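This is what each chain is made of:
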Protein chains: 2
Amino acid sequence: MFELRDRDGLGRLGRFTTPHGTVDTPTLLPVINPNQVLIPPAEMRARFGAQAVITNAYILHRSMRERALAEGVHGLLDFDGPIMTDSGAFQQHVYGGVEVSNEEIVAFQRDIRADVGTVLDRFSEPDHTPARAAKDIAETLFRTRVASEMRGGLLLAGTVQGSIYPDLRHECAEELSKLDVAVHAIGGVVPLMETYRFRDLATVILAAKEGLRPDRPVHLFGAGHPMVFGLAVLLGCDLFDSASYHKYARNGRLMFSDGTRHVEDLREVPCECPACSTATVESLRTNERLRAEHNLYASFAELRRVRQAVADGHLWELVERRCRSHPALLDALRELRHHNEFLERFEPLSRRGAFYFVGPETQHRPILHRFRACLQERYHPPKRFVVMFPEGARPYAAARKAEIARLLQLVDSHFLVKSVWGPVPIELDEMHPIGQSIVPETLDAETLEGLEVFAQQFLRGAGYEGGVLWRGEETFDDVPAEVMDRGAGTFDLAMARLHAVAGMQFGRGAGDALLSGRIEVISSVRTGKVRNVIRDGKHILSLRAEDGFFTLKADGARILHAVFPPPTLRVVVETETAEFNRQGKNVMAKFVTECDPGVRPSDEVLVVDGTDALAAVGRALMNREEMLAFDRGVAVQVREGVA
Amino acid sequence: MFELRDRDGLGRLGRFTTPHGTVDTPTLLPVINPNQVLIPPAEMRARFGAQAVITNAYILHRSMRERALAEGVHGLLDFDGPIMTDSGAFQQHVYGGVEVSNEEIVAFQRDIRADVGTVLDRFSEPDHTPARAAKDIAETLFRTRVASEMRGGLLLAGTVQGSIYPDLRHECAEELSKLDVAVHAIGGVVPLMETYRFRDLATVILAAKEGLRPDRPVHLFGAGHPMVFGLAVLLGCDLFDSASYHKYARNGRLMFSDGTRHVEDLREVPCECPACSTATVESLRTNERLRAEHNLYASFAELRRVRQAVADGHLWELVERRCRSHPALLDALRELRHHNEFLERFEPLSRRGAFYFVGPETQHRPILHRFRACLQERYHPPKRFVVMFPEGARPYAAARKAEIARLLQLVDSHFLVKSVWGPVPIELDEMHPIGQSIVPETLDAETLEGLEVFAQQFLRGAGYEGGVLWRGEETFDDVPAEVMDRGAGTFDLAMARLHAVAGMQFGRGAGDALLSGRIEVISSVRTGKVRNVIRDGKHILSLRAEDGFFTLKADGARILHAVFPPPTLRVVVETETAEFNRQGKNVMAKFVTECDPGVRPSDEVLVVDGTDALAAVGRALMNREEMLAFDRGVAVQVREGVA
């Protein structure tokens, strides 16, 4: 039903299949008001790129029941693509007096042959008490159970409620995950968005996501402003629906990815969309339909940018930019660091292209949280460190590399650079994201403070209180004479790099395991960087230029398999399907029975059968909970089968 | 020739008149290569909104000299709008061997009847020595002098050079300002933009701007990436020219206001411009012209957004967002705080709408620098302060206002709120930008540090070392008993507000001057806020709801005129034109002979004649140096003539 195609943060490029076709997510379902069709669904698809639409079953039930049953919702809306229907729960909540029961409205949605229908959930307001919210959850879950028993061919959207209480949201999400629903909706968030409580919105989404099983699309009910799409996708929302394009248009407002603008304030047409490019300020002021068209173009273009950012692995950058559009969005961004333990589990190992520092929030990205955690857990610290302050803000200038290498020889010790990202042993300076980072020359105080705190944490953790030789700044002239006088050392930076990366990537001890025996190193003629590692004549590892991590070859996999006991690095598949993996075929998620909880998307993994016999080596596309949950899609891209 | 229509930061909405028509600035002149016209100028105008184009006189001179002289450049390009020509200085610098002299190429530009022609200046590279750059400046200025004597009907662009040396840029700009040129160009910046040295770019532009007379448009040579338009306009650039739209397209690159994207990296069409909205990833990959069209749409749309931001007074916000697109742009943004003395002189008094905090850089905006400076210089501090920490990050919650007012009565003292923006006496909490500010709930360490530093500076400056009664946090339960026990005081917040705002706006002592005698206050029935101040039966002041500043009435102006000696608050006009101002007509810049250097755009001013007789009261649209420099446009919008 839902398939994962690509990812970044908790954001996913997915494919959601319904009876009337497949939807590429994340996407927006524009609300079609059957009583007042401003832009018909077919035009929504052709001109704006809508893949599916949503309409209100309650309105259909009230005002055109017989016709809807006879023609079906697809006939009624003259649209052959996926149609989702809403139950009227929101209307019931806001206006009261929706005289229809959960059973009635679910049956109706089924009978008008909607692709996805919605349970009549109970809406909790942000100011409801926990007790009241808990009661509404119980009722919502009860109704969802009832609905799931009578759904027939209808795919159900079950809604996570729980007001602003993370525990309740989490609990509701966990219960919902056990039920037969196809879509997980997050409800009760419109009041948060309307009052710009984006920090609460982020907290609520994350609490729900932590409780939800990962193999179903997550629908953020009522979200339709392009300003929030980036953030919501980063937090794992896949579907949006909204009548905002029309509501905003009616009030003279244009939506942009950086906020809202009233047409009365315009002196210029500040947009290049097809609606605006032929419009004048005057026509935007007088023409509601033109404004609605703009709002749709702006929304779908932003979703394309967001999807592109997921594909590029640059979604965090996009969100860091978008969150400068309003102080309340900045609050949401600053909240995320408190959820790093969760966020990190889904964060891919590396991504393409440069890693930008664009504010004090960048330092707290999950991938850097992971880097610092791995440094504590997996890096094998040397006896002595020379601690170096960053030059400008970069770990060090490329031009200084030769000088540093010479110094390393002299002092027979390691360098630890106090970088913006945390402490970076010099052997790890080419690893993602350190090696790909671009940092301003001037830094804010929070970042400088963080840099110091992270370095001290690491040094203390590694027992370095007294072992730091030098804390010089900028130049090497400050290196104490006793350090310089040690004479030529035996420090081999290239070999130290291989050891350190192996440890960080595969676990402490991996370096020693892989790099014993007769080691040959093949380097790039052009860059001088290590490319392949040969042990006793066998190619065990390749070092990737783009992210500084190893690609594991079959012979390298055999070594790690022998050294590390299960579950480390393992993806366990059903024994009868392991044969296919031995032949080089990918591991499908549905055949995975267990997985190392330490595996992250893009990690190198060992594919084993039920007896822990090595079947293949490859690249994980999911983490453990995803592999176990998904019935569709590739869990491991197999590189080599192991016969 | 150049007229100022609106402003924000150093950014200006201007109108530049040439023989072939008027150009609304800021704008981009796309480069037309006469040998290879990808998009003809007429189409540039009709489809993309180009108001003027630029072409290379050197190429015309070399390859189609006779035709150009016969048809004129307008005939040759088949364009009847403004055409600027470049001299080939850049080509001479990059490729060498431009065998044409300054005299030849200036005469040629004149003779092909270009609207604006360029001196053959000497290009300095960022790595040139100061001595070499100084020599190039001397030669450039010499050539500009020669050109100005032979220009005929040609408007000249004279170029500021000086490599990356602020002193040299400044000096060159000052000299150039004395010469007969119509446009001030800033040259030698392409190498800075190509290497993302945006901090140097900002420094160079500011150094030039400080030296340039303000009544001519400033052209940033070779700037054509939408990523830099916001920043460059904020720093006072009015014209841009670039072949980038075509060069980038040729290399498969699409330009966006947040960076560049290569078509090979696209999976989606991440844009809604007319070129992209019918394009596919495939057509963008194969069609260079389509890419060039996108680049033009993106550039002109960004310029419209920038112009709109100037009109809104939200240009700083736009630039703070844009500068998150690359770490090097963030460096440029962080550089600006060091130029606040200069930037503040041009910053309007207030602007419409909310003032957003979006990062540690916001705290250093020129308008806040001014607020803090005025507080030191113009605010009359009370004997005692109760210092209050911000609640959350806001100065204080609106809900607490009543409680605070009650406490003020009890302690008979003033509150000083340590806000994000600096220390804010409670009487000034409705003044722009304090009263219009929206601040996140969580703040970065740099901002919190700044808050503390600014508060301490103020308290020390005002001699409060020992005079602070209470440094409580959050609740008033911490107020010491001896404070609470003082009993009912006489503190009148409404009157304190009027005094404090008058002082901040007009100068220390203005409150006592204006608010003596029998004072009646007329308040809004709806909001309870003061609207009008009547003294001895005469309406002297109105307090504006939108920014918390006073509007000065004629009777108020008479008081200030009597109390403050010249030049304070004065705009001096030629005595024979003062009569028109007495009748309520606006003050045109060309009739201004002097002005208080303290006057800022949007300030209330006293219009006086040569004998210091009061002629009118109104709102300044310019600061002193602009009033004295401009020959066109309104310097003071007169509200009331004083008979």
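Up top is the structure these notes are about.
Because the structure is a prediction, the values reported are computed rather than measured. (Residues numbered from 1 in each chain as written. Chains lettered and ligands numbered in written order. Predicted model: local features only at pLDDT ≥ 70, side-chain atom pairs only at ≥ 80, totals over all residues. Heavy atoms only, no water.)

Quick notes on the relation of the copies chain A and chain B
Applied cut-off: For this overlay, a least-squares fit was computed on C-alpha atoms, restricted to residues scoring pLDDT of at least 70 in both copies.
Taken as rigid bodies, chain A and chain B are interconverted by a rotation of 180° and an axial shift of 0.0 Å, the fit giving an RMSD of 0.0 Å. The superposition operator between the copies reduces to a two-fold rotation axis.

With respect to the pattern of salt bridges
Side chains that differ in charge, positive against negative, can pair when their charged atoms come close. What counts, and what does not: Counted as salt bridges are all cases of a side-chain nitrogen of Lys or Arg within 4 Å of a carboxyl oxygen of Asp or Glu. For the purposes of this entry, the term helix denotes a DSSP run of H or I that reaches at least four residues, the term strand denotes a run of E that reaches at least two, and both are numbered from the N terminus. Each residue gets one of three labels from its accessible area relative to the maximum for its type: buried under 20%, exposed over 50%, partly exposed in between, using a 1.4 Å probe on protein chains only.
A complete count under the given rule lists 101 salt bridges over all chains for this structure. Between A:R213 and A:D215 there is a salt bridge whose closest N-O contact spans 2.7 Å. Note that B:E579 and B:R582 form a salt bridge whose closest N and O atoms lie 3.7 Å from each other. Here the residue B:E579 and the residue B:R582 both occupy positions in helix α25 (residues 575-582), the gap between them amounting to three residues, near one helical turn. Given a relative accessible area of 23%, B:R582 falls into the partly exposed group.

Side note on the sheet that holds strand β20 (residues 530-535) of chain A
All names here are of chain A. So the rule is basically this: Strand pairing is defined by DSSP finding a minimum of two bridges between the two strands. Inter-axis angles, ranging from 0 to 180 degrees, are taken between N-to-C directions of lines fitted to C-alpha atoms, where helices are fitted over the stretch in contact. A contact between two residues is defined here by any heavy atoms of the two lying within 4.5 Å.
The antiparallel open sheet is built from four strands, whose spatial order is β19-β20-β21-β22. Two strands in the sheet have a free side with no partner beyond their single neighbour: β19 (519-523) and β22 (550-552). Averaged over neighbouring strand pairs, the angle between their axes works out to 30° when direction is ignored. Where helix α22 (residues 493-506) meets the sheet, its contacts fall on β19, β20, β21 (538-543) and β22, and the angle it forms with β22 comes to roughly 65°.

What about the state of the cysteines?
In a disulfide, the sulfur atoms of two cysteines are covalently bonded to one another. Residues and elements named next belong to chain A. Here is the rule: Criterion for a disulfide: a pair of cysteine sulfur atoms within 2.5 Å.
This structure, assessed with the given rule, holds zero disulfides over all chains. Cysteine C237 remains unbridged, with the sulfur of C323 as its closest cysteine sulfur at 13 Å. Using a relative accessible area of 0% as the deciding quantity, one classes C237 as buried. With no disulfide of its own, C271 lies closest to C273 among cysteine sulfurs, the gap being 3.8 Å.

Notes on the packing of helix α6 (residues 130-149) of chain B against helix α7 (residues 166-177) of chain B
Residues and elements named next belong to chain B. Put simply, the test is: Working rule for angles: under 35 degrees goes down as roughly parallel, over 145 as roughly antiparallel, 65 to 115 as roughly perpendicular, anything else as oblique. Three categories are distinguished: nonpolar for Ala, Val, Leu, Ile, Met, Phe, Trp, Tyr, Cys and Pro, charged for Asp, Glu, Lys and Arg, and polar for the others, with Gly belonging to the last.
At a closest axis distance of 11 Å, the pairing of α6 and α7 adopts a crossing angle of 10°. Judged on the interaxial angle alone, α7 and α6 are roughly parallel. Facing α6, whose interface residues are P130, A133, A134, I137, L141 and T144, α7 presents L168, C172, E175 and L176. For the contact of α6 with α7, the residue count by class is eight nonpolar, one polar and one charged.

A closer look at the packing of helix α14 (residues 288-312) of chain A against helix α15 (residues 315-322) of chain A
All names here are of chain A. Two elements in contact, α14 and α15, have axes whose closest approach is 7 Å; the angle formed by their N-to-C orientations is 140°. In terms of axis orientation, α14 runs oblique to α15. Mapping the contact onto sequence places E302, R305, V306, A309 and V310 in α14 and L315, L318 and R322 in α15. Considering only residue class, the contact of α14 with α15 consists of five nonpolar, no polar and three charged.

Here we look at the interface of chain A and chain B
For clarity, the cut-off: Summed over both partners, buried area is the accessible surface (1.4 Å probe) that two parts give up on being assembled.
Each side of the interface is counted separately: chain A has 49 residues, and chain B has 49 residues. Buried area between chain A and chain B, both sides added, is near 4500 Å², and the carbon and sulfur share of it is 49%. Where chain A packs against chain B, one counts 12 salt bridges. As a salt-bridge pair, A:D6 and B:R267 come within 2.6 Å of each other at their nearest N and O atoms. Put simply, the parts of the chain that give the side of chain A that touches chain B at least two residues each are α12 (274-277), α14, α16 (327-335) and α20 (445-461) of chain A. When residues of the side of chain A that touches chain B are assigned to their parent elements, the largest contribution, nine residues, is made by α14(A). Considering only residue class, the side of chain A that touches chain B consists of 22 nonpolar, six polar and 21 charged.

A look at the packing of aromatic side chains
Residues and elements named next belong to chain B. What counts is decided by this rule: Centre distance within 6.5 Å is the pairing criterion for rings of Phe, Tyr and Trp, where only the six-membered ring of Trp is used; planes under 30 degrees apart are then read as stacked, over 60 as edge-to-face, and the remainder as tilted.
Scanning all chains against the criterion turns up 18 aromatic pairs over all chains. Ring geometry for F48 versus Y297: centroids 4.6 Å apart, planes at 55°, classification tilted. Here the residue F48 occupies a position in helix α1 (residues 41-48), and Y297 occupies one in helix α14 (residues 288-312), the gap between them amounting to 249 residues. Neither F48 nor Y297 differs from the other in exposure class; each is buried. Relative to F550, the ring of F506 lies with its centre 6.5 Å away and its plane at 15°, an arrangement referred to as stacked. Separated by 44 residues along the polypeptide, F506 in helix α22 (residues 493-506) and F550 in strand β22 (residues 550-552) bring together distant segments of the chain. Summarising the burial analysis for this pair, F506 and F550 share the class buried.

Thoughts on the pairing of strand β9 (residues 183-186) of chain A
All names here are of chain A. Alternating positions in β9 separate into two faces, V183 and A185 on one and H184 and I186 on the other, with burial throughout. Note that strand β8 (residues 155-160) and β9 share four bridges and pair parallel. Within the sheet, the bridge partner assigned to G158 lies in β9 and is H184. As judged from the three bridges shared by β9 and strand β10 (residues 218-220), these two strands associate in the parallel manner. Within the sheet, the bridge partner assigned to H184 lies in β10 and is V218.

Considering helix α3 (residues 65-77) of chain A
Residue and element names in this part refer to chain A. The line we're drawing: Every helix has an expected span of 1.5 Å times one less than the residues it contains. Across the chain, bend at a residue is computed as the angle between axes fitted to the seven residues ending at that point and the seven starting from it.
With 13 residues, α3 should reach 18 Å at 1.5 Å per residue; the first-to-last C-alpha distance of 13 Å falls well below that figure. Remark: the principal bend of α3, roughly 100°, maps to E71. When we look at burial in α3, the residues that qualify are A68, G72, V73, H74, L76 and L77. The elements touched by buried residues of α3 are β4 (27-32), α1 (41-48), β5 (53-56), α2 (57-63), β6 (83-86) and α5 (102-111). D78 sits one or two residues past α3 and shows a positive phi near 55°.

Concerning the pairing of strand β26 (residues 604-608) of chain A
Residues and elements named next belong to chain A. Across the five residues of β26, five count as buried, placing the element largely inside the fold. Alternating positions in β26 separate into two faces, E604, L606 and V608 on one and V605 and V607 on the other, with burial throughout. In this sheet, strand β27 (residues 614-620) lies alongside β26 in antiparallel orientation, the contact comprising five bridges. Paired with E604 across the bridge in β27 is R619. In this structure, the hairpin formed by β26 and β27 is closed by a connection of five residues, where D612 is found at a positive phi of approximately 65°.

Quick look at the side chain of A:E268
Within the secondary structure, A:E268 is located in the loop between β13 (259-262) and α12. Excluding its chain neighbours within four sequence positions, the residues that come into contact with A:E268 are A:V281, B:R304, B:R307 and B:Q308.

A closer look at the sheet that holds strand β2 (residues 11-18) of chain B
Residues and elements named next belong to chain B. Across the sheet, three strands lie side by side as β1-β2-β3; this open sheet has antiparallel pairing. Since the sheet does not close on itself, it has two edges, and those belong to β1 (2-8) and β3 (21-25), each with one partner. Adjacent strand axes in the sheet meet at a mean angle of 15° when their direction is disregarded. Relative to β2, β1 is paired through six bridges, and the arrangement is antiparallel. Directly across from F2, in β2, lies its bridge partner F16.

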